[in-house]
Every structure is written in C-alpha cells, then in structure tokens.
2 protein chains.
Amino acid sequence: MSFTYSYGRPALAVDCVVFGLDEEDLKVLLIRRGLEPFLGRWALPGGFVHLEETLDEAARRELSEEAGIEKVFLEQLYTFGDPGRDPRERVVSVAYYALVKLSDHKVRAATDAKEAAWFAVDDLPKLAFDHEAIVEKAIARLREKVRYRPLGFELLPKKFTLTQLQRMYEKILDVALDKRNFRKKVLSTGLLIELDEVEQDVAHRAARLHMFDEKAYRRLEKEGFLFEI
Amino acid sequence: MSFTYSYGRPALAVDCVVFGLDEEDLKVLLIRRGLEPFLGRWALPGGFVHLEETLDEAARRELSEEAGIEKVFLEQLYTFGDPGRDPRERVVSVAYYALVKLSDHKVRAATDAKEAAWFAVDDLPKLAFDHEAIVEKAIARLREKVRYRPLGFELLPKKFTLTQLQRMYEKILDVALDKRNFRKKVLSTGLLIELDEVEQDVAHRAARLHMFDEKAYRRLEKEGFLFEI
C-alpha cells in the first residue's frame, strides 16, 4: 500500500492538566523537568504518543508513569500546535485535563525519580514550553463546566460540607460568593443529599455533611443547567 | 541540537465540518474523494498539516483549496487519533468546525476539480474514515453552543425573520418548537433588533425582518446564558 504523504511530520505529544482541591486552593500537578530543554523548569506531566496507543491511552500512561496517578476523570481539552512551541523541533501536543480527589492522590515519586508537586493555580511557577497557555485553557474549560454542569464529584471527598462545596466554586471562578445565596441555590438544584452526620475532629462547630445524589448528578451532567453565580 | 524522540510518528491532518443553513436544512459540506483509500466516497474537506503552518492555518488553507471557502468562523473541535482510523497508516486528525452563511458560499469547483456539495445533516451519505464520528461530535458541539451562547450571526443572512431563526434552533436541536413560546423567549434575550422592513418576494404574508444587536450578541457570547428550550 503506497502512501502519498511526503511532508515532514511533527512529533506528537500529550500533556495533562491535573486539577486537585484541598482546603485552601485549587491546585495543579507539575513535574520538574530532568532533561533539556527547560531543564529544571516545572512542566505539565506528559510525553510522546506511542504509535500503537490511542491519545487517551497515551495521556493515562503518562499520568501513571510520571505521577503514579491512575483511574481518574480525564477529558481531551485542546490541541496546541504552533510551530516554535518546542525549541527542538515541531511538536504538536494534544492537551487533556483531569480531576482528582487530592486525598486519594498523594503524588508519589515518579518512576524516573523526577520531582512532582501540587501548586495553587493562582501561584504557579514559570512553566516550560507553552504550558502556561495550556493551564489557562484548562481553567477556562473548568469555569465553563462549573456554570453549566454539576461539578465536584471528582474533586471533593465523598462526604463534604456546604462550605467545602462553596470554596470549590469560589476557587474555580475566582470570586467570593455570598454564603446564604450560595446555599439556597445549591440546595435548590436537587443535587445534594443531606446526611445525618457532621464533620469529625474540627475545632469550630462541626458542620453537617452532604453527598451528591449520583442519579441527579449524572442526569444534570447530561442535560446541563445554569448555575447562576 | 539533538532530540531524543525516537518513536515512529503519526501523520498529522486537519478535517473541517462546515455547517451551512438554508430554508430547509442544516447542511454539511462534503468533498468526493479522488484518491484511495475510499476513492469516490464523500468525506470532510481536509488534508495534511504542513510543517511551517499553525493548525488553524492548515484548516483555513484546506477549506480554501478544497472548496473555495475563505474568512469563516472556525473553531477547533476535537482531535481524533485512534490507531486504525486510516487504513494506510496512523494519521491523527485535528478536527475543526466552521459556520458559514450559505448565501455567501456557493461551493465552487475545488482547485483539483474534486466534486463538492452540501448535504442535510440528517441525510448524509456513507462517509470515508471516521468522518461520521467527527460530524456527530460537531453537531453535539453546536447543540451545546446553541443552548448557552447566542448563535446565528454566522449562519443566518444579515436580516432574517423570526421563523428563520426558529428553524435554525429546530434544525440544530432536532426538535419542533412552539412558535409563541419561542418568540417570547428569543425577544426577551435582548439579542434582536426589529427592523422597519418586511420580507420581499414571498408568496405568503411578508414577515417582519430582524437583525442581531451585535453589541448584545458579543456580550452574551462572552458571558453565556441559558436558552431554555
């Protein structure tokens, strides 16, 4: 079978923006580069696509190899392909974003002993390549998502307080929300189940715990709605 | 500068789903293939990315070369990269979608004399490669867009009737809408300017023409809203 394709070929990579949430911040997972170019600079986990794997498989493999992260929510974001984005030669990168529960994903030392760490999205170090633009695109996607779809199932612990949920919205949208309004709106969505349990081991008055009604959550995920802020 | 990238490289292509709207249907532009594989089968306009051009530039070049289409609304859709999607070898395709005013874009014979034609989205022929999946993804994106963003600026003529606007929503969403409800909702968005003009040369009673308030349109495009159907 002959093939008429005679152009030079860009290299093909995947890069992943992994979001996690803790009590203080929305965070992104970064890996310190052990190779040129940008040796020592922080970068998104990622790498070259193997010929026999799908793009999704390449993204999952890189997350596993570079940060020990497995079985997460992962979605394709956008493909970055400007000539010159890699100083070596033309590399086109299919970017993904992932959502993880931070408590489940203590970053382990990556197999090739590169350093990995979580950084607050509003306090990122200077990144390698065009990875700042990729992170920006991922945050924009997350903001879009949080307005029209339920979010939190993949970011919050199974049982959470309304304050934790409010903080998630505030961190993603980068705004301060009114507590009473927020509670009224979020309770009216029918997404939450109020549990007969309260927080444990807290210094302040223990708040009631909630969980997502998974059926309502999956339905609204499919149908969409407007969460007005 | 040495480069450690030693894997085989997929070929990189772009493919474009170009939507147009006429009185009857939402349509997609297809090109009849003049080469193997899938010789004679209909396919999306597209082709291989040149090393020195951006992905957006590649998509615009292919639209111009294959269908004489220039200066249209064009947005990246999704990257399709399953091994086996091209029978020749691995080809990864960055898909785009475009919106055009059909009246402005009579498809001209493409430079290499391939046949080009518009097909109704609900009556497409069998397509080459995984192009049916690409069209499906593009329709899903358009449906998402029409619910949360104003749409029509790039699809409708400059002056249009409310019936034309309703038909656009109906064709994209594949539902029948109640005329009175639709008008009430669409007029309440503040997106429309009622003109002091009516349709010309129609057999039925001439309907009033409207145009978009571009300022309101661009604002809602940025902010988003929920157009409940």
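Residues numbered from 1 in each chain as written. Chains lettered and ligands numbered in written order. Predicted model: local features only at pLDDT ≥ 70, side-chain atom pairs only at ≥ 80, totals over all residues. Heavy atoms only, no water.

(A) Representation of the overall build of chain A in the model. In terms of regular secondary structure, chain A is built from 5 helices and 9 strands. Written out in order from the N terminus, the α and β elements of chain A read β-β-β-β-α-β-β-β-α-α-α-β-β-α. Going through the 229 residues of chain A one by one, you find that 51% of them count as buried. Restricting to contacts in chain A with at least 6 residues of sequence separation, those with at least 24 account for 66%. (Helix = DSSP H or I, 4+ residues; strand = E, 2+ residues; numbered from the N terminus. Buried < 20%, exposed > 50% of the residue type's maximum accessible area, 1.4 Å probe, protein only. Contact = heavy atoms within 4.5 Å.)

(B) Structural view of the nonpolar core. One finds V18(A) and V18(B) to be the most contacted residues of the largest nonpolar core, which totals 44 residues. Leave out the neighbours within four places in its chain, and V18(A) touches K27(A), V28(A), L29(A), P45(A), L63(A), I69(A), A98(A), V100(A) and W118(A). (Core = buried A, V, L, I, M, F, W, Y, C linked by side-chain atoms within 4.5 Å.)

(C) Geometry of the pairing of strand β6 (residues 91-99) of chain B. All names here are of chain B. The element β6 is largely enclosed, with a buried count of 9 among its 9 residues. Judged by which residues are buried, β6 turns out to be covered on both faces: V91, S93, A95, Y97 and L99 on one side and V92, V94, Y96 and A98 on the other are all buried. Across 7 bridges, the pairing between strand β5 (residues 73-80) and β6 is antiparallel. Considered in β6, the bridge of T79 is made with V94. (Pairing = 2+ DSSP bridges.)

(D) Layout of the relation of the copies chain B and chain A. It takes a turn of 180 degrees to lay chain B on chain A, together with a shift of 0.0 Å along the axis; the resulting RMSD is 0.0 Å. The two molecules are tied by a two-fold rotation axis, judged by turn and shift. Comparing interface residues between copies, 100% of those in chain B also sit at the interface in chain A, which points to an isologous, same-surface contact. (Least-squares fit on C-alpha atoms with pLDDT ≥ 70 in both.)

(E) Region of the structure containing the interface of chain B and chain A. Residue-level contacts link 40 residues of chain B with 40 residues of chain A. Where chain B abuts chain A, roughly 3600 Å² becomes buried across the two surfaces, and 59% of that area is made up of carbon and sulfur atoms. At the surface where chain B touches chain A, the tally comes to 4 salt bridges. The residue R9(A) makes a salt bridge to E89(B) at a minimum N-O spacing of 2.6 Å. On the surface where chain B and chain A come into contact, there are 18 residue pairs in polar contact (both at pLDDT 80 or more). Of all the elements in the fold, those that place two or more residues in the side of chain B that touches chain A are β1 (11-21), α1 (55-67), β5, β6 and α2 (131-148) of chain B. (Buried area = accessible area lost by both parts, 1.4 Å probe. Salt bridge = Lys/Arg side-chain N within 4 Å of Asp/Glu carboxyl O. Polar contact = N/O pair within 3.5 Å; in protein donor to acceptor, adjacent residues only side chain to side chain.)

(F) Seen up close, the side chain of T161(B). Residues and elements named next belong to chain B. By the element assignment, T161 lies in the loop between α2 and α3 (162-173). The buried category is assigned to T161, whose relative accessible area is 3%. Not counting residues within four places of it along the chain, the set of residues in contact with T161 comprises E199, A207, R208 and L209.

(G) Focus on the confidence of the model for chain A. Across chain A, the average pLDDT comes to 91, with 93% of residues at 70 or higher. Confidence metrics for the complex model read pTM 0.92 and ipTM 0.91. (pLDDT = per-residue confidence, 0-100.)

(H) Focus on unusual backbone geometry. Look at the link from E36(A) to P37(A): it is a cis peptide, with omega at -5 degrees. Mapping P37(A) onto the fold places it in the loop between β2 (26-32) and β3 (42-43). We note that D201(A) has phi near 55 degrees; this positive angle belongs to a residue other than glycine. Position of D201(A) among the secondary structure elements: in the loop between β8 (192-198) and β9 (208-212). Classification of D201(A) by relative accessible area gives exposed; the value is 81%. Here the phi dihedral of K71(B) falls at roughly 50 degrees; this positive angle occurs in a residue that is not glycine. Inspection of the secondary structure puts K71(B) in the loop between α1 and β5.

(I) Fine view of the packing of aromatic side chains. Residue and element names in this part refer to chain A. Scanning the entire structure with this criterion turns up 25 aromatic pairs over all chains. Ring plane angle 65 degrees and centroid distance 6.4 Å describe the contact between F225 and F227, whose orientation is recorded as edge-to-face. The same class applies to F225 as to F227, namely buried. Each member of the aromatic cluster is reached from another via a ring pair, and the members are F153, F160, F212 and Y217. If you follow K101 out to its NZ or CZ, it ends over the ring of F153, 5.7 Å from the centre. Above the face of the F153 ring, R218 is positioned so that its terminal group lies 4.5 Å from the ring centre. (Phe/Tyr/Trp six-rings, centres within 6.5 Å; stacked < 30°, edge-to-face > 60°. Lys NZ or Arg CZ within 6 Å of the ring centre and 35° of its normal.)

(J) A look at a negative patch on the surface. Among the surface-exposed residues, E52(A), D56(A), E57(A) and D82(B) lie close enough to one another that they form a single negatively charged patch. When you line up the elements, E57(A) lands in helix α1 (residues 55-67). Overall, the relative accessible area of 43% leaves E57(A) in the partly exposed class. (Patch = residues over 30% accessible without salt bridge, like charges linked within 9 Å, V, L, I, M, F, W, Y side chains within 5 Å. Areas by Shrake-Rupley, 256 points an atom, 1.4 Å probe, with all protein chains shown as cover. Lys, Arg positive; Asp, Glu negative; His and termini not counted. Charge placed at Lys NZ, Arg CZ, Asp CG, Glu CD.)

(K) The arrangement of the packing of helix α2 (residues 131-148) of chain A against helix α3 (residues 162-173) of chain A in detail. Residues and elements named next belong to chain A. Two elements in contact, α2 and α3, have axes whose closest approach is 9 Å; the angle formed by their N-to-C orientations is 135 degrees. If you check the angle between α2 and α3, you find them oblique. Seen from above, α2 lies across α3 with left-handed handedness. Between α2 and α3, the residues in contact are L142, R143, V146 and R147 and Y169, I172 and L173, respectively. Classifying every residue of the contact of α2 with α3 gives 5 nonpolar, no polar and 2 charged. (Axes fitted to C-alpha atoms, helices over the stretch in contact; angles between N-to-C directions. Parallel < 35°, antiparallel > 145°, perpendicular 65-115°, else oblique. Left-handed = near helix turned anticlockwise from the far one by under 90°. Nonpolar A, V, L, I, M, F, W, Y, C, P; charged D, E, K, R; others polar.)

(L) Spatial organisation of the environment of R88(B). Residues and elements named next belong to chain B. Relative to the assigned elements, R88 resides in the loop between β5 and β6. Placed 52 residues apart in sequence, R88 and E36 show a C-alpha to C-alpha distance of 9.4 Å. For R88, the side chain forms a polar contact with the side chain of D86, separated by 2.6 Å.

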